[in-house]
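# Chains, contacts and geometry: an overview
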Amino acid sequence: NNRHSLAQNLSKGLRHRLSLGLALLHNPKLLILDEPTDGLDPTQTNQLLTLLLERQAHTATILASHNFQELDRLCTHIAILHDQKLHYHDLKSDTGWRYIAKFEHEIDLDTFSFLAPDIKTSKVSARAIKLCFTSKNHSVLTHTIQQMITTPYNLLEFKQYHKTIEEHFFSLVN
């Protein structure tokens, strides 16, 4: 239908898809994309993100986007420009010493004063807290879990989580 149309006569979404197709056509070693999913519907967005993930082994991609979920899905490194400073972070270097503890009953954060001083806690919800370990000591982690099991709140889940790009961003700008 649009086969013989000039690019300037296509809709914004079709022009965007055409540009992406042309950029990917020659299998570049470096791909620079600015808001690559702008104008794409959810199915097209998923297809593009899947394609970019498949090409990661052969194509370095520099991606500018305001969509943190897309960045989380695609990125292994981030660079954030804030207050005229470039902040760089290798997401693969995250040690994973962050955990979420979920409880059956509502919790009082003050109850967790027994935790080691090198563990930062913050309340996530009425029944969950986030724990960030500043030291990489397995015995501290084991001891913390044992202590949490003995609280009256009934520990239901203790799982590791990785800081999202959105969390990295807001920790820089706030």
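Structure report, in brief. (Residues numbered from 1 in each chain as written. Predicted model: local features only at pLDDT ≥ 70, side-chain atom pairs only at ≥ 80, totals over all residues. Heavy atoms only, no water.)

### Here we look at the pattern of salt bridges
Our working rule: Just to be clear on terms, a salt bridge is a Lys or Arg side-chain nitrogen sitting within 4 Å of an Asp or Glu carboxyl oxygen. Relative accessibility decides the category of a residue: with a 1.4 Å probe and only protein chains considered, values under 20% of the type maximum give buried, values over 50% give exposed, and everything between is partly exposed.
Under the counting rule described, the total for this entry stands at 2 salt bridges. One salt bridge in this structure joins Lys 159 and Glu 157, with 3.8 Å as the shortest N-O distance. Assessed through its relative accessible area of 37%, Lys 159 is described here as partly exposed. Overall, the relative accessible area of 31% leaves Glu 157 in the partly exposed class.

### Digging into the pairing of strand E5 (residues 98-103)
Stated formally: Runs of H or I in DSSP of at least four residues are treated as helices and runs of E of at least two as strands, each being numbered from the N terminus. Should DSSP find at least two bridges between two strands, the strands are regarded as paired.
In terms of residue burial, E5 counts as a mostly covered element, since 5 of its 6 residues are buried. Here E5 runs beside strand E7 (residues 128-133); their pairing, made up of 5 bridges, is antiparallel. Residue pairing in the sheet places Lys 102 in a bridge with Ala 128 of E7. Relative to strand E8 (residues 155-160), E5 is paired through 5 bridges, and the arrangement is antiparallel. Looking at the pairing, Ile 100 lines up with Lys 159 of E8.

### Structural notes on the layout of surface pockets
The condition that has to hold: The pocket and cavity definitions rest on a 1 Å grid over protein atoms only: a 1.4 Å probe that fits but cannot leave marks a cavity, an open set with protein on both sides within 12 Å along at least five of seven lines marks a pocket, and residues lining either have an atom within 4 Å of a point. Grid points are joined across faces, edges and corners, and a volume is the space filled by probe spheres set on the points. Following the grouping adopted for this structure description, the nonpolar residues are Ala, Val, Leu, Ile, Met, Phe, Trp, Tyr, Cys and Pro, the charged ones are Asp, Glu, Lys and Arg, and the polar ones are all others, Gly among them.
The calculated volume of the largest pocket comes to roughly 710 Å³. Put simply, the parts of the chain that give the lining of the largest pocket at least two residues each are strand E2 (60-64), helix H3 (68-74), strand E3 (77-82) and helix H5 (165-173). Residue composition of the lining of the largest pocket, by class: 16 nonpolar, 7 polar and 1 charged.

The analysis is restricted to geometry; functional conclusions fall outside its scope.
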